[in-house]
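Each chain, written out:
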Amino acid sequence: MERNQMHRQLAIMRQSLFDQGFLDDQFIQLEELQDDANPNFVEEVVTLYYRDSSRLILNIDQALERNPLDFNKLDNYMHQFKGSSTSIGAKKVKVECTQFREYCKTGNGEGCMRTFQQLKKEYTILKRKLEAYFQLARQAGPSETACRPRS
(Lines give C-alpha, C1' and ligand atoms only; values in the text may rest on other atoms or scores of the structure.)
Protein backbone atom coordinates (compact mmCIF):
# COMPACT_ATOMS: atom_id res chain seq x y z
CA MET A 1 0.00 0.00 0.00
CA GLU A 2 1.43 3.40 -0.91
CA ARG A 3 2.21 5.81 1.90
CA ASN A 4 -0.43 8.45 1.03
CA GLN A 5 -3.08 5.72 0.89
CA MET A 6 -1.95 4.46 4.31
CA HIS A 7 -2.23 7.97 5.72
CA ARG A 8 -5.77 8.29 4.33
CA GLN A 9 -6.70 4.91 5.78
CA LEU A 10 -5.16 5.94 9.11
CA ALA A 11 -7.19 9.17 9.13
CA ILE A 12 -10.40 7.24 8.41
CA MET A 13 -9.60 4.71 11.14
CA ARG A 14 -8.84 7.50 13.62
CA GLN A 15 -12.05 9.36 12.75
CA SER A 16 -14.10 6.20 13.25
CA LEU A 17 -12.77 5.89 16.81
CA PHE A 18 -14.31 9.29 17.54
CA ASP A 19 -17.47 8.73 15.48
CA GLN A 20 -18.17 5.44 17.28
CA GLY A 21 -17.65 7.10 20.67
CA PHE A 22 -14.54 5.17 21.68
CA LEU A 23 -12.35 8.27 22.08
CA ASP A 24 -12.89 11.87 23.15
CA ASP A 25 -10.93 15.13 22.93
CA GLN A 26 -8.43 14.02 25.57
CA PHE A 27 -6.89 11.70 22.97
CA ILE A 28 -6.37 14.73 20.70
CA GLN A 29 -4.65 16.55 23.55
CA LEU A 30 -2.26 13.60 23.86
CA GLU A 31 -1.61 13.77 20.11
CA GLU A 32 -0.83 17.46 20.41
CA LEU A 33 1.95 16.61 22.89
CA GLN A 34 3.60 14.29 20.38
CA ASP A 35 6.45 15.79 18.34
CA ASP A 36 9.57 14.87 16.39
CA ALA A 37 11.53 14.40 19.61
CA ASN A 38 8.99 11.82 20.82
CA PRO A 39 7.15 10.50 17.76
CA ASN A 40 5.60 7.52 19.59
CA PHE A 41 4.38 9.46 22.62
CA VAL A 42 0.68 8.60 22.26
CA GLU A 43 1.34 4.92 21.66
CA GLU A 44 3.66 4.81 24.68
CA VAL A 45 1.07 6.47 26.93
CA VAL A 46 -1.66 4.09 25.74
CA THR A 47 0.66 1.09 26.23
CA LEU A 48 1.36 2.22 29.80
CA TYR A 49 -2.37 2.67 30.37
CA TYR A 50 -3.11 -0.90 29.32
CA ARG A 51 -0.21 -2.30 31.33
CA ASP A 52 -1.15 -0.46 34.52
CA SER A 53 -4.91 -0.84 34.16
CA SER A 54 -4.68 -4.62 33.80
CA ARG A 55 -3.55 -4.67 37.44
CA LEU A 56 -6.56 -2.59 38.47
CA ILE A 57 -8.91 -4.89 36.57
CA LEU A 58 -7.45 -7.86 38.41
CA ASN A 59 -7.89 -6.05 41.75
CA ILE A 60 -11.52 -5.22 40.93
CA ASP A 61 -12.19 -8.79 39.78
CA GLN A 62 -10.81 -10.12 43.07
CA ALA A 63 -12.74 -7.56 45.13
CA LEU A 64 -15.98 -8.53 43.35
CA GLU A 65 -15.44 -12.16 44.40
CA ARG A 66 -15.41 -11.26 48.09
CA ASN A 67 -18.48 -11.55 50.24
CA PRO A 68 -19.61 -9.12 51.52
CA LEU A 69 -18.52 -6.65 48.86
CA ASP A 70 -16.37 -3.76 50.08
CA PHE A 71 -17.97 -0.94 48.10
CA ASN A 72 -15.46 1.63 49.38
CA LYS A 73 -12.54 -0.45 48.12
CA LEU A 74 -14.31 -1.10 44.81
CA ASP A 75 -15.03 2.61 44.42
CA ASN A 76 -11.39 3.48 45.14
CA TYR A 77 -10.15 1.02 42.52
CA MET A 78 -12.66 2.31 39.99
CA HIS A 79 -11.73 5.91 40.80
CA GLN A 80 -8.13 5.10 39.80
CA PHE A 81 -9.28 3.23 36.72
CA LYS A 82 -11.56 6.07 35.64
CA GLY A 83 -8.73 8.59 36.05
CA SER A 84 -6.41 6.52 33.88
CA SER A 85 -9.11 5.97 31.27
CA THR A 86 -9.93 9.68 31.20
CA SER A 87 -6.27 10.54 30.66
CA ILE A 88 -6.15 8.70 27.31
CA GLY A 89 -9.65 9.72 26.20
CA ALA A 90 -11.25 6.27 26.54
CA LYS A 91 -14.80 7.62 26.39
CA LYS A 92 -16.89 4.42 26.54
CA VAL A 93 -14.70 2.95 29.27
CA LYS A 94 -15.04 6.15 31.28
CA VAL A 95 -18.85 6.01 30.99
CA GLU A 96 -18.85 2.47 32.41
CA CYS A 97 -16.52 3.55 35.23
CA THR A 98 -18.94 6.33 36.17
CA GLN A 99 -21.88 3.88 36.20
CA PHE A 100 -19.91 1.39 38.31
CA ARG A 101 -19.10 4.10 40.86
CA GLU A 102 -22.80 5.05 41.04
CA TYR A 103 -23.64 1.41 41.83
CA CYS A 104 -20.95 1.42 44.53
CA LYS A 105 -22.51 4.50 46.14
CA THR A 106 -25.91 2.79 46.28
CA GLY A 107 -24.49 -0.58 47.38
CA ASN A 108 -25.78 -2.35 44.26
CA GLY A 109 -23.52 -5.39 43.89
CA GLU A 110 -25.43 -6.82 40.93
CA GLY A 111 -25.15 -3.49 39.12
CA CYS A 112 -21.41 -3.41 39.81
CA MET A 113 -20.97 -6.92 38.39
CA ARG A 114 -23.03 -6.20 35.27
CA THR A 115 -21.33 -2.86 34.61
CA PHE A 116 -17.87 -4.33 35.17
CA GLN A 117 -18.52 -6.98 32.52
CA GLN A 118 -19.53 -4.24 30.07
CA LEU A 119 -16.52 -2.15 31.06
CA LYS A 120 -14.15 -5.05 30.34
CA LYS A 121 -15.83 -5.54 26.96
CA GLU A 122 -15.41 -1.85 26.00
CA TYR A 123 -11.83 -1.88 27.32
CA THR A 124 -10.94 -4.92 25.20
CA ILE A 125 -12.60 -3.56 22.05
CA LEU A 126 -10.76 -0.25 22.41
CA LYS A 127 -7.47 -2.04 23.02
CA ARG A 128 -7.91 -4.08 19.84
CA LYS A 129 -8.86 -1.01 17.79
CA LEU A 130 -5.96 1.07 19.13
CA GLU A 131 -3.48 -1.75 18.51
CA ALA A 132 -4.60 -1.85 14.85
CA TYR A 133 -4.46 1.94 14.64
CA PHE A 134 -0.92 2.15 16.04
CA GLN A 135 0.25 -0.71 13.84
CA LEU A 136 -0.98 1.12 10.74
CA ALA A 137 0.51 4.39 12.05
CA ARG A 138 3.93 2.73 12.36
CA GLN A 139 3.63 1.38 8.81
CA ALA A 140 2.49 4.74 7.41
CA GLY A 141 5.24 6.70 9.13
CA PRO A 142 5.05 10.31 10.35
CA SER A 143 2.34 12.57 8.99
CA GLU A 144 0.91 16.00 9.61
CA THR A 145 0.19 17.31 13.07
CA ALA A 146 -2.89 16.24 15.02
CA CYS A 147 -6.20 17.77 14.06
CA ARG A 148 -9.65 17.80 15.53
CA PRO A 149 -12.01 15.10 14.24
CA ARG A 150 -14.89 16.21 12.06
CA SER A 151 -18.08 16.82 14.01
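Every value quoted in this text rests on a predicted model; they were computed, and no experiment measured them.

J.: Summarise the overall build of the chain; cite the residues concerned and give the values.
T.: In terms of regular secondary structure, the chain is built from six helices and zero strands. Seen through its C-alpha atoms, the chain measures out along the principal axes to roughly 55 × 30 × 25 Å. Residues counted as buried form 40% of the 151 residues belonging to the chain. Put simply, of all contacts in the chain between residues at least 6 apart along the chain, 70% involve residues at least 24 apart. For the chain, the exposed area adds up to about 8,900 Å²; of that, 48% sits on carbon and sulfur atoms. Separation of charge centres in the chain, based on 22 positive and 21 negative side chains, amounts to 4 Å.

J.: Lay out the confidence of the model for the chain with the relevant residues and their values.
T.: Chain-level statistics for the chain give a pLDDT mean of 92 and a share of 93% at 70 or above. The secondary-structure element of the chain with the lowest mean pLDDT is helix H1 (residues 3-19), recorded at 92, while helix H5 (residues 91-106) shows the highest, at 98.

Parameters at a glance
- Residues numbered from 1 in each chain as written.
- Predicted model: local features only at pLDDT ≥ 70, side-chain atom pairs only at ≥ 80, totals over all residues.
- Heavy atoms only, no water.
- Helix = DSSP H or I, 4+ residues; strand = E, 2+ residues; numbered from the N terminus.
- Buried < 20%, exposed > 50% of the residue type's maximum accessible area, 1.4 Å probe, protein only.
- Contact = heavy atoms within 4.5 Å.
- Areas by Shrake-Rupley, 256 points an atom, 1.4 Å probe, with all protein chains shown as cover.
- Lys, Arg positive; Asp, Glu negative; His and termini not counted.
- Charge placed at Lys NZ, Arg CZ, Asp CG, Glu CD.
- pLDDT = per-residue confidence, 0-100.

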